[in-house]
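Working through the structure, step by step
What follows is each chain in one-letter form.
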Amino acid sequence: MDQLALDVAHLFAGGLVLASFMLLYQDRMTGLINIFALHALVVSFSVAWQAYIQQAPHLYITAAIALVVKALVIPLALHRIIVRLGIHRTIEPVVGVGQTMLAGIGLVALSIMVMLPITAQAGTLAREDLAFALSVILLGLLMMITRRNAVSQVIGFMSIENGLILAATGAKGMPLVVEISVAFSILIALIVIGIFLFRIRERFETVDIHVLHEHRGEQP
Amino acid sequence: MALEGLLWCIATLLGTGMAAVAMARHRSASALVYGVALCACVIALAIAGGSLLTLDSAGEKLTLPVGLPWLGAHFRIDALAAFFLLVVNLGGATASLYGLGYGRHEETPGRVLPFYPAFLAGMNLVVLADDAFTFLFTWEFMSLSSWALVMAHHRRPGNAAAGYLYLLMASFGTLALLLAFGLLAGPAGGYAFDAIRSAPQAQLAGVVLVLALVGAGSKAGLLPLHVWLPLAHPAAPSHVSALMSGVMTKVAVYGFVRIVFDLLGPPVWWWGGLVALLGGLTAVMGVLYALMEHDLKRLLAYHTVENIGIIFIGLGLAAAFEANEMPAAAALGLTAALFHVFNHSVFKSLLFFGAGAVLTATGERDMERLGGLIHRMPFTAFAFLVGSAAISALPPFNGFVSEWLTFQAILLSPALPQWLLKFLVPAIGALLALSAALAAACFVKAFGVTFLGRARTEAARDAAETDRWSLASMFVLVALCLLAGILPGYFIDALAPVSQALAGAHLPRQDELDWLTIVPIAQSRSSYNGLLLFLFIALAAGVGAEAIHRWASAATRRSAPWDCGFPDASPLTQYTAGSFSQPIRRVFGSVVFRAREEVYMPPPGDASAARMHVRLHDVPWDVLYVPTAKFVSFAAERLNKVQFLTIRAYLTLVFGALVVLLMVLAVWQ
Amino acid sequence: MAVALDLVVQLGQMLVVLAAAPLLTGYVRKVKARLLRRQGPPLLQPYRDLLRLVRKEVVLAHNASWLFRVAPYLIFATTWVAAALVPTFATGLIFSHAADMIAIVALLGSARFMLALAGLDVGTSFGGIGSSREMMIASLAEPVMLMVVFTLSLLAGSTQLSSIAASMQGPEVGLRVSLALALVGLIMVAIAENARIPVDNPATHLELTMVHEAMILEYSGRHLALIEAASFLKLLLYVSIIACVFAPWGITVSGQGFTAYLTAFALYAAKLAAAGFLLAVFETVIAKMRVFRVSDFLGAALMLGFLAALLLFVSRVT
């Protein structure tokens, strides 16, 4: 595979990791959703490039799904949800942003240390994409555990799926059926979570999980 | 020949110590003792320097018929020992020169004069020791004599506790070293270093490394065994503080290098990573502690901790490279660490001498009660300034050269095959850069609050310059700081035999490069030229001064400073040490020390003062030492009951022990 | 003869740098003013400012010491030497082996050390504010610089600026996201070190909002002229480093002849102009942060530096 193709793929994968870091850092709700849209955009470009260099046209469809559903539809829906929940102006106290970022760097290093020796037999592109994909997944998990707001946790969960897409396309050959089913399951999960968030908000006037935790087990 | 000369110098020192016991009360005893110590140290320095440059790889050996009957006392001088003897005796000579002036102010010379030469002798003997028993004996001798010096002013508050903690940590360190030597000697039991070298590599070599790290590291001041250092070093008289910080910690480094690089055999890759990581953490934590301090000597002691961290980073890198069979890189790491050993002893002694001068002139150690001393003590201020610039790793002084070499070793880390090391070493590099920048901040604070600004108390207003002996020793060190910074090639060449012996390679010969550049690896890769930088700076400053002189107005007028319409006559409104470090305390201290500021404002109408409290938590102390101390008290409490048993109970215990031993004997045939 | 010619070229670079520095600052100020729909001062105003300052009388505080009077010369000298060592139009000049990137950063550290001490010298609170904030910002910026140097040395195999520039011009570097990250990190450090918005406002004189200006508040006359010249040189230095490392096209090699030097110099001037324009736009678009957010800003730069190094490790794996 020629150097330019590798470099551009590396660019997109690295950009995805950078977008995951930006998700960790961002503490405003609207900004968070916009960066998530960027995250999905980068992953769709990455998949499109993979489709080009692997000559696998079905990946174009994956890229299109990622672009339309995750970079347009879901962020728009989330924007409307947070306006209706009334939390679009909150600034989340991202406790210990410095430690979170350092932990993020450590996770990236860890994923590289794990993935590269394991995949020694594979091609360069697959190795890089797998290492970065694992980092994105771990960073998404980190984001879920360091956030208090339920919507932020949902976004973290969805960024994990982007990492899975990167891994699947990098490793050459994710059938379209799998992609469609995964995408639909995420969409359903989002709708269900959205409904739950509204119910919780109605009952408890907040979606802050620390507050919710205190009221667990009580009759609403 | 050289070895005998050195042993005679040491014997002179010991003799002076013993004589001082008798005649400490005499009027000129102080001058005599320090004078003899100075001569002995200078002679030893010359011998050590000569040996470093001319000795072959085998070195010289000597065995004295003292000590254990079947072992004797082995002494040996080789390249490593010669280098460390150079460092020890340079420190000793300058401290003795300083002591000629400083010793006149000592109230209880009987508590200091006998132990000072003994301390010097002990340090020299540790470096020369060639078998485990001599090493440990002289190590303990060094610890005890320095403990006696720490306790010299035992009536001052805090000194007794400092001495107690020092004794505790020193004993703990010696225990670790004893176990390390035991493991090294192995089942054959050959304690002479030659026997250990020729034996196959010890079982549990990793355990030996950890024990050496604990034992030597506790004396050097590695995290988390550093807690005694900032209490004990300031408690001693100033020239002894300089010796303890600048020289005794280096003897501990010598112990570590001897055990790990010489006696232990080929290293494993994770040893280097562990040592370097510990060094990096020590460096950053040391300087953060120093930033929170406003006692001048304690600040300097914490800086020793930081610099020991930097030295151990170099040593760790050398071990990692050696484990991966990269001798040139290992030589670079080792040379960087050893050069920093030399540099640190020079500028740390200089800084402690300056602090001692300030203490003698004003009676104060607390920076927040000083200020404006640059007007009253100009020479001391200049020397302290050069020391501060050197320790902050600023070109063209020597601190920068050794840090640059350490950075170059770090930049070689991508060649290491182990992934953990590949990621760890750049992180350690970032820690090193952080500690260098924080050190500069700390010394701006130390120099600025103590010497600059306006005097905050009467004591600072009435200070007078110190005597010429102290100034002479300080200026000798200033000259060395500059020389080592602009002519580092010669020092690197002098270290070549040491790195050849330990790492199997040495840096390319520096003295034939044009313009006296230093090239640690290859010309295409990196080079540094201290002399050129110094000349350029001097030239640029000269051109600037000449241009100003030619075209600018020379008019100058004195006036009041800008006060924004609120003239404050009180010097207490200027920045204090605490206020200077506040931004850094907020950014770093709130995470590392859980630093919290509380401000108590009086209600409106109340004219009393507002108060600000800063709370810091010392994490190693709270997590490691306090629970251990509590556990020891608890166990002692419980075991105390054994003191008060009846006779029948004691007889039962003896009988039970006998039976158990017989059973063990029966089973373990 | 060749040695003498090389010396002349090196000397030429030193003088060029000194002459161009105030022009760069004047250009940035002009562009900023135009973006704010003002006329702005003339391009050559900084030269006039320096001339005016050297002709004025120096007013010293009563308790200013010798350090206060000597510091401007040392600050100017170290900054000028650092700026003169960075390759601007030619690599491989006779003293280029002294232009180690770590050494240049450390020279700037020396200048900052002297400046911070001068701020503390007079014994008022303003100097203290400036010095303490400046040292905090410096302590955050140094690890970032090291990570940038590490990334560059991974790619170029050297820390000498000449070698880095030469290898960046070569074909084997390619399109790398690590370089983009390192560039962003370096730009953030440059903004912090040069006291530009959003870290510090170079045009304000309110003590609560300034860092650099607070340290030099007591300086006047010829001393202030030297310090202002040093700050102009520092901006030029950082722009030159960014240009020589990340946009090295057009830098010739030493010994190519006079016309080659001239074209390379014209390209260098164009790079300076572009950088100045971008800086002015950036400063106009963004607002100044409060002081304790600078740690977040530089922390983000450190993360970018780490990420750049990590990504390089991955892409070099084969």
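Conventions we followed
Residues numbered from 1 in each chain as written. Chains lettered and ligands numbered in written order. Predicted model: local features only at pLDDT ≥ 70, side-chain atom pairs only at ≥ 80, totals over all residues. Heavy atoms only, no water. Helix = DSSP H or I, 4+ residues; strand = E, 2+ residues; numbered from the N terminus. Rg over C-alpha atoms; globule rule 2.2 N^0.38 Å. Contact = heavy atoms within 4.5 Å. Areas by Shrake-Rupley, 256 points an atom, 1.4 Å probe, with all protein chains shown as cover. Lys, Arg positive; Asp, Glu negative; His and termini not counted. Charge placed at Lys NZ, Arg CZ, Asp CG, Glu CD. Buried area = accessible area lost by both parts, 1.4 Å probe. Salt bridge = Lys/Arg side-chain N within 4 Å of Asp/Glu carboxyl O. Polar contact = N/O pair within 3.5 Å; in protein donor to acceptor, adjacent residues only side chain to side chain. Nonpolar A, V, L, I, M, F, W, Y, C, P; charged D, E, K, R; others polar. Pairing = 2+ DSSP bridges. Core = buried A, V, L, I, M, F, W, Y, C linked by side-chain atoms within 4.5 Å. Buried < 20%, exposed > 50% of the residue type's maximum accessible area, 1.4 Å probe, protein only. Disulfide = S-S within 2.5 Å. Expected span 1.5 Å × (residues − 1). Phe/Tyr/Trp six-rings, centres within 6.5 Å; stacked < 30°, edge-to-face > 60°. Patch = residues over 30% accessible without salt bridge, like charges linked within 9 Å, V, L, I, M, F, W, Y side chains within 5 Å. Domains from an automatic or database assignment. Axes fitted to C-alpha atoms, helices over the stretch in contact; angles between N-to-C directions. Parallel < 35°, antiparallel > 145°, perpendicular 65-115°, else oblique. Left-handed = near helix turned anticlockwise from the far one by under 90°.

**Topic: the overall build of chain B**
The helix and strand inventory of chain B stands at 26 helices and 5 strands. Relative to the 2.2 N^0.38 estimate, which gives 26 Å for 669 residues, the radius of gyration of chain B is 26 Å and therefore close to what a compact globule would have. The C-alpha extent of chain B, read off along each of the three principal axes, is 95 × 70 × 60 Å. Across chain B, every contact between residues at least 6 apart in sequence was considered, and the portion connecting residues at least 24 apart equals 79%. By element, 69% of the accessible surface of chain B is carried by carbon and sulfur atoms, the whole surface being about 26100 Å². In chain B, which carries 39 positive and 37 negative side-chain charges, the distance between the mean positions of the two groups comes to 8 Å.

**Quick look at the overall build of chain C**
Of regular secondary structure, chain C possesses 11 helices and 3 strands. Along the chain direction, N to C, the helices and strands of chain C fall in the order α-α-β-α-β-α-α-α-α-α-α-β-α-α. Principal-axis analysis of the C-alpha atoms places the extent of chain C at approximately 60 × 50 × 40 Å. Surface summary for chain C: the accessible area is close to 10700 Å², and the carbon and sulfur share equals 68%.

**Brief notes about the interface of chain C and chain B**
At the junction of the two partners, chain C supplies 76 residues and chain B supplies 81 residues. Three residues stand out in chain C for area buried against chain B, namely H97, F113 and F313 of chain C, and they jointly supply 9% of the buried area on that side. Counting across the interface, chain C meets chain B through 1 salt bridge. A salt bridge links E57 of chain C to R557 of chain B, with the nearest nitrogen and oxygen atoms 3.1 Å apart. Along the contact surface separating chain C from chain B lie 22 residue pairs in polar contact (both at pLDDT 80 or more). The greatest single-element share of the side of chain C that touches chain B, amounting to 19 residues, is contributed by helix α5 (residues 125-156) of chain C. Looking at the side of chain C that touches chain B, its residues break down into 43 nonpolar, 21 polar and 12 charged. With 4 bridges joining them, strand β3 (residues 556-559) of chain B and strand β1 (residues 58-61) of chain C adopt parallel strand pairing. Each bridged residue has a counterpart across the sheet, and for R558 of chain B the counterpart in β1 of chain C is L60 of chain C.

**Structural notes on the nonpolar core**
If you look at the biggest cluster of nonpolar residues, it comprises 404 residues, and the most contacted ones within it are F83, M123, F135, F256, F312, L315 and F342 of chain B. Among the elements that make up this core, the one with the highest residue count is helix α18 (residues 419-451) of chain B (20 residues). A5, V8, W49 and L125 of chain A belong to the second-largest nonpolar core, a separate cluster that totals 7 residues.

**Considerations on the state of the cysteines**
One way to say it: the disulfide is the covalent bond shared by the sulfur atoms of two cysteines. All names here are of chain B. With the rule as written, the count across this model stands at 0 disulfides over all chains. In this structure C39 is not part of a disulfide, and its nearest cysteine sulfur, from C41, lies 9.5 Å away. In this structure C39 comes out as partly exposed when scored by relative accessible area, which is 46%.

**Examining the interface of chain B and chain A**
Tallying the contact residues gives 4 residues for chain B and 6 residues for chain A. Carbon and sulfur atoms supply 92% of the area buried between chain B and chain A, which totals about 430 Å² over both sides. In terms of surface lost to chain A, no three residues of chain B exceed W419, F423 and V591 of chain B, which account for 88% of the buried area on that side. Where chain B meets chain A, there are 0 salt bridges. Here chain B is connected to chain A by 0 residue pairs in polar contact (both at pLDDT 80 or more). Along the lines of polarity and charge, the residues of the side of chain B that touches chain A split into 4 nonpolar, no polar and no charged.

**Side note on helix α7 (residues 159-185) of chain B**
When the terminal C-alpha atoms of α7 of chain B are compared, their 38 Å separation across 27 residues agrees well with the 39 Å that a helix rising 1.5 Å per residue should span. Positive phi appears at G186 of chain B, one or two residues downstream of α7 of chain B, with a value of about 70°.

**Some details on the packing of aromatic side chains**
Under the criterion given, the structure shown has 36 aromatic pairs over all chains. Ring centres of Y34 of chain B and Y116 of chain B lie 5.1 Å apart, and the angle between their planes is 70°; this geometry places the pair in the edge-to-face category. Taken together, the positions of Y34 of chain B in helix α2 (residues 29-54) and Y116 of chain B in helix α5 (residues 115-128) put the pair 82 residues apart, joining distant regions of the chain. With respect to burial, Y34 of chain B and Y116 of chain B carry one shared label: buried. When the ring of F423 of chain B is compared with that of F313 of chain C, the centres are 5.4 Å apart and the planes differ by 80°; the resulting orientation is edge-to-face. In this pair, F423 of chain B is assigned in helix α18 and F313 of chain C in helix α11 (residues 294-315), connecting two distinct chains. A relative accessible area of 6% means that F313 of chain C is categorised as buried.

**Quick word on a nonpolar patch on the surface**
All names here are of chain A. Together, M22, L38, L41, F45, L67, V68, L72 and V73 make up a nonpolar patch on the protein surface, roughly 630 Å² of accessible area in all. Counting only elements with at least two residues in the nonpolar patch, the list comes to α2 (29-54) and α3 (58-85). Take the nonpolar patch: its biggest share by element is 4 residues, from α3. For L67, the location among the structural elements is in helix α3.

**Structural notes on α5 of chain C**
All names here are of chain C. The end-to-end C-alpha separation of α5 is 45 Å, in line with the 46 Å expected for 32 residues at 1.5 Å each. For α5, a buried count of 31 out of 32 residues is recorded, marking the element as mostly surrounded by other parts of the structure. Phi turns positive one or two residues past the end of α5, at G157, with a value near 70°.

**Here's the deal with the domain arrangement of chain B**
One can read the domain layout of chain B as domain 1 (266-538 + 575-580) and domain 2 (624-668). Just the C-alpha atoms count here: the centres of domain 1 of chain B and domain 2 of chain B sit 50 Å apart.

**Quick notes on the packing of helix α14 (residues 327-362) of chain B against helix α17 (residues 398-411) of chain B**
If you want to describe how two helices pack, look at the angle between their axes and the distance between the axes. All names here are of chain B. Running from N to C, α14 and α17 cross one another at 160°; their axes reach a closest spacing of 9 Å. Of the possible angle classes, the one that applies to α14 and α17 is roughly antiparallel. With respect to the hand of their crossing, α14 and α17 are arranged in left-handed fashion. Together, L332, G333, A336, F339, H340, N343, V346 and F347 of α14 and N398, G399, V401, S402, E403, L405, T406, Q408 and A409 of α17 make up the contact between the two elements. Each residue belonging to the contact of α14 with α17 can be placed in one class, and the counts come to 8 nonpolar, 8 polar and 1 charged.

**With respect to unusual backbone geometry**
Each neighbour pair has its own omega, and for L223 of chain B with P224 of chain B the value is -10°, a cis peptide bond. For the bond running from I197 of chain C to P198 of chain C, omega is 5°, close enough to zero to count as cis. Along the chain, P198 of chain C falls in the loop between α7 (177-193) and α8 (212-215). If you check the backbone angles, E325 of chain B has positive phi at about 55° while not being a glycine. Residue position: E325 of chain B is located in the loop between α13 (296-323) and α14.

**Overview of the side chain of N194 of chain C**
Residue and element names in this part refer to chain C. Among the secondary structure elements, N194 is positioned in the loop between α7 and α8. The class for N194 is buried, based on a relative accessible area of 11%. Here the side chain of N194 touches L235 through a polar contact of 3.3 Å, landing on its backbone nitrogen. Once residues within four sequence positions are removed from consideration, N194 is found in contact with K234, L235 and Y238.

**A look at the packing of α5 of chain C against α7 of chain C**
Residue and element names in this part refer to chain C. At a minimum axis separation of 9 Å, α5 and α7 run at an interaxial angle of 150°. The pairing of α5 with α7 is recorded here as roughly antiparallel in orientation. The hand of the α5/α7 crossing is left-handed. Contact residues: α5 offers I137, A141, V144, M145, V148, T151, L152 and L155, while α7 offers S178, L179, A182, G185, L186, V189, A192 and E193. Counted by class, the contact of α5 with α7 contains 12 nonpolar, 3 polar and 1 charged residues.

**Description of the environment of F75 of chain B**
All names here are of chain B. With respect to the element layout, F75 can be found in strand β2 (residues 73-77). Relative accessible area serves as the criterion here: at 5%, F75 is assigned to the buried category. Distance in space between the C-alpha atoms of F75 and L434 is 41 Å, their sequence separation being 359 residues. What F75 contacts, discounting residues up to four positions off in sequence, is L3, L7, E60, K61, L62, L64, L125, L128, A129, D130 and T134.

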